[in-house]
Structures are given as C-alpha cells and as structure tokens.
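If you want the building blocks of each chain, they are given just below.
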Amino acid sequence: MKEKISHVETTTLNRVSTEEKKGWIEVAFIHAGVMICVPSLLIGGLLALAMPLAQALTAGCIGYGLVILFACFTSIPGSDLGLPSCVILQSCFGRSGSRYLVSLLFTISLLGWFGVNNAVCGSAFANLMANSFGIEVPISISILIWGVIMLTTAVYGISAMGKLNTLAVPALLIVCLAGCVLALRTHGTDNLNSHVETTMSLVEGITLTTGFLTMQIVTAADITRYQKGRANTIKATLWGVLPAGILMLVIGILMAKVAGEYDISQVLCNVGLPILGMIVLILAAWTTNTTNAYLAGINIVNILGLKDDKRAMVTLISGLLGTVLAMIGVMDQFEAFITWLGAAFSPMGGVMLVDYWILRKASPQKWSPRERFDWLGVIAWGAGFVLNIFVTSGLVLVQSILLSGAVYYVLCRGFRKEEDHGTIL
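Criteria and thresholds
Residues numbered from 1 in each chain as written. Predicted model: local features only at pLDDT ≥ 70, side-chain atom pairs only at ≥ 80, totals over all residues. Heavy atoms only, no water. Helix = DSSP H or I, 4+ residues; strand = E, 2+ residues; numbered from the N terminus. Rg over C-alpha atoms; globule rule 2.2 N^0.38 Å. Buried < 20%, exposed > 50% of the residue type's maximum accessible area, 1.4 Å probe, protein only. Salt bridge = Lys/Arg side-chain N within 4 Å of Asp/Glu carboxyl O. Axes fitted to C-alpha atoms, helices over the stretch in contact; angles between N-to-C directions. Parallel < 35°, antiparallel > 145°, perpendicular 65-115°, else oblique. Left-handed = near helix turned anticlockwise from the far one by under 90°. Contact = heavy atoms within 4.5 Å. Nonpolar A, V, L, I, M, F, W, Y, C, P; charged D, E, K, R; others polar. pLDDT = per-residue confidence, 0-100.

Some words on the overall build of the protein
Summing up its helical and strand segments, the protein has 19 helices and zero strands in all. Taking 22 Å as the expected radius of gyration for a compact globule of 425 residues, we find that the protein reaches 21 Å, a close match to that expectation. Each of the three principal axes of the protein carries a C-alpha extent, and together these read 65 × 50 × 40 Å. When the 425 residues of the protein are sorted by exposure, 56% land in the buried category.

Next comes the structure, spelled out in structure tokens:
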C-alpha cells in the first residue's frame, strides 16, 4: 500500500511479484533509452574516421549483434527469478562476493558515468544557452539542475523510467532523423565515399562497439526482473537495443563523414537549430543517466545491507554526491579510471552464464545463493579480468566471457558436487 501511495518503487533485492511485472514494450523503451546517448554517436564517429563506410557499418552491426546475444542470456535469469543481477550473482560469487566485489564495482562505475554524463550535459547546456541565446548560466549550476532532474526519475523507479523513455525515445528518434536529413541537405553527400585511411581492423571495430555496453550486458537483469516470461524478455532486448543502437551508430557515422562532427546535437546547432540540438542533448543524457543512477541505487542497497525501501534514499544521496563531484571537476580525472574498470564486467557475465545455463540447467528451482565469498567464482572472474587487461587483440568481450566461464566450469566440476547448490568450498 505504501508503494501505491507514494508511487516510489520499493522492491529492490527481493523478488518482483507477478502483479509488478510489466509488458515487453515498456521494458524495450528503457533499453532503447540507454542506447540513445552521445557515446553511441561517438562509437559511430570513431568507426567512420578509422575505416571505410561499409566496413564501419559492418563492424557496428556485428558488435551490436553480439551484445544482444549475450544480453538475452543474461536477461532471462532476471525474468525467471524476478531478481536483480547482484542477487543472481550470489549463486556464483557468494553473498559477500556479491556485496563487496560485484556491487562495489558496479556502483563505482555507474555513479562515475552518471557524473561524467551529467558534467557533459550541464556544460553543453550552459554553452548552448550562452552562444545561442546570450543567457549566461554558470556551468556548476547547470550541472546541479540537470543532475537533480535526472535523479528524479531514478528515485521513483522503473515505472517512472518507463514513462520517461516511452515519451522521450520516439521524440529523440524523430529529431535525430530530421536532424540527419537536414545536415545531409546542408553539407551534401560528397564526403560519404571519400577515401579513409584504414587504421582499425574489423575485429577492432567490433571490440570498440561492444566495449561500452559490457556492464549493461551484466546488469540487464536489474531491468528485466520486471519482465513477463522469456519470450517477452528476448523481444524487449532485441527491439530495445538493436533499432536504437543501429540508428545512433549510423547517424554518428554519417555525421562524422559528412559534417566532420559525430554529435547530432552539435550538428543541429551548426545548421541553425540550437533548440533541437538542446532537446537531443538533454533527453539523450536523461534517458541514459536515470538508468545509471537507478542501477547504482540497487547495488548500494546490496553493499550496505539495507532494507528494500531504502533504495530511493540512497539513489538520491549517491546521485547528488556524483553531481557535486561533477560540479567541482573531479569526473574529468575519473573517466579514464572507470573506462579501465569496464574490463571487470564481461568476466562476471561469463561466470553468470555458466552457473545459470549450464550448471543449473537454466532452472529457477535450482538457483540458490551461497554464503560469504565463493572463491571459485572469484578466481574464474579474475582470470577473465586479467585477460582483458593484458590482451587487447581479438574479440575481447567474447574471449573474456569464454575464458571466465570455462575456468568456472572446470573449477566447479573439480571441487564441487553437482547437487551442491547452497554451501561454500
């Protein structure tokens, strides 16, 4: 009754009830909101500058195909069990491993990216107001305002995020497409087929495309725990990630080749449409950042061992902390660290996939958490993490998932009985 009165989500680490489940379209819009962001455009821009048009498109499409493949398999445990990723991973990392390794790394990265995106949005908004309308807005104030706005939907939870994305995603897609057409008319298409010196291989392009979505693959269950059944989970993942991801990739590639600028919001400003540019910038940052803050809140509850109804409070407090750090410029130095931290997430996915799909035969009834640290999962994760740090060639995402999964499987077969689902080595 409390949840219905306040409209604030209070289900955090406990199972989502059948009554709380949502349709696949709403979940798909949340996935799409994560994909429609400036980093997605940046990926297209980087590919366009490093390889011919056809090869750039091929690398991007294959990369997103791999993301969807793995995301479907990591999303289904969420809908099967009704639990978030940090709880699902208790079966292979233990409760302590989930709290002090998994959730800690998730929280640092999620809040870090919240602060980085908030700083970019706030700075760009202040610059747009000054250059286009002659209104001086201090960057720190702009960052604070937009940080609070983005936090609002994250604090209320999945329903508010669904409503935001259901309205914002179609608007973003329409404005981005219109802006792309206008930019092509303004700049022409002569540069589309211009010669580009190939400085990146197809495999490197695929790795670049998959890299920035690695954590979203592992944390997908945080959203899909509200999904009704496996079929709907696959539909939401497929139709949420693929169309929006490919569209933003194509726009980034086209704008980089035609206008020399991958960011469609900046391109719109350059062709005399600053208001549309501002709309794209703000909505793209909002739909992505509200998910970052929401997922961080779930993991902080896990770290601190709080009750489910404290998620909204810790989401607000942690988001405000990230906003303050963005205001004072700390995030400028933090971005390289959280980029490096991304190497930690794909091995977690490998361990999760083997634990749920192979050892537990994808049966919700066979899932159970372990106490303390499960060192078999930690060791297997460590093997994949080391691979990511020291091996930069090949399909890094696939390699680390396969290695960590294989190591976990061998360790479990060697040191654990098949029927052992609730004790620790």
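A look at the pattern of salt bridges
All chains considered together, the criterion is met by five salt bridges. The shortest N-O distance in the salt bridge between Arg225 and Glu9 comes to 3.1 Å. Residue Arg225 is found in the loop between helix H11 (221–224) and helix H12 (229–258), and its partner Glu9 is found in the loop between helix H1 (2–6) and helix H2 (24–35); the two are separated by 216 residues along the sequence. Arg225 sits in the buried class, given a relative accessible area of 0%. Given the relative accessible area of 4%, Glu9 is considered buried. Salt-bridge contacts for Asp80 lead to Arg230; the nearest nitrogen and oxygen are separated by 2.6 Å. Here the residue Asp80 occupies a position in helix H4 (residues 53–81), and Arg230 occupies one in helix H12, the gap between them amounting to 150 residues. Among the residues examined, Asp80 registers a relative accessible area of 22% and is labelled partly exposed. Residue classification places Arg230 among the partly exposed positions, given a relative accessible area of 33%.

Regarding the packing of H2 against helix H8 (residues 158–187)
With their axes 8 Å apart at the nearest point, H2 and H8 run at an angle of 70 degrees to one another. The orientation of H2 with respect to H8, classified from their angle, is roughly perpendicular. Of the two elements, H2 crosses H8, and the hand of that crossing is left-handed. Across the interface between the two elements, Glu26, Phe29, Ile30, Ala32 and Gly33 of H2 pack against Ile158, Ser159, Met161, Gly162, Asn165, Thr166, Val169 and Pro170 of H8. Among the residues forming the contact of H2 with H8, the class breakdown is seven nonpolar, five polar and one charged.

Some words on the confidence of the model for the protein
For the protein, mean pLDDT is 86; residues scoring 70 or higher make up 94% of the total. The least confident element of the protein, judged by mean pLDDT, is H1 at 45; the most confident is helix H5 (residues 85–88) at 96. Predicted confidence for residues 1–5 stays below pLDDT 50, and this span has six contacts to residues more than four positions away or in other chains. For residues 421–425, every residue scores under 50 in pLDDT, and the model assigns this stretch 18 contacts once sequence neighbours within four places are set aside.

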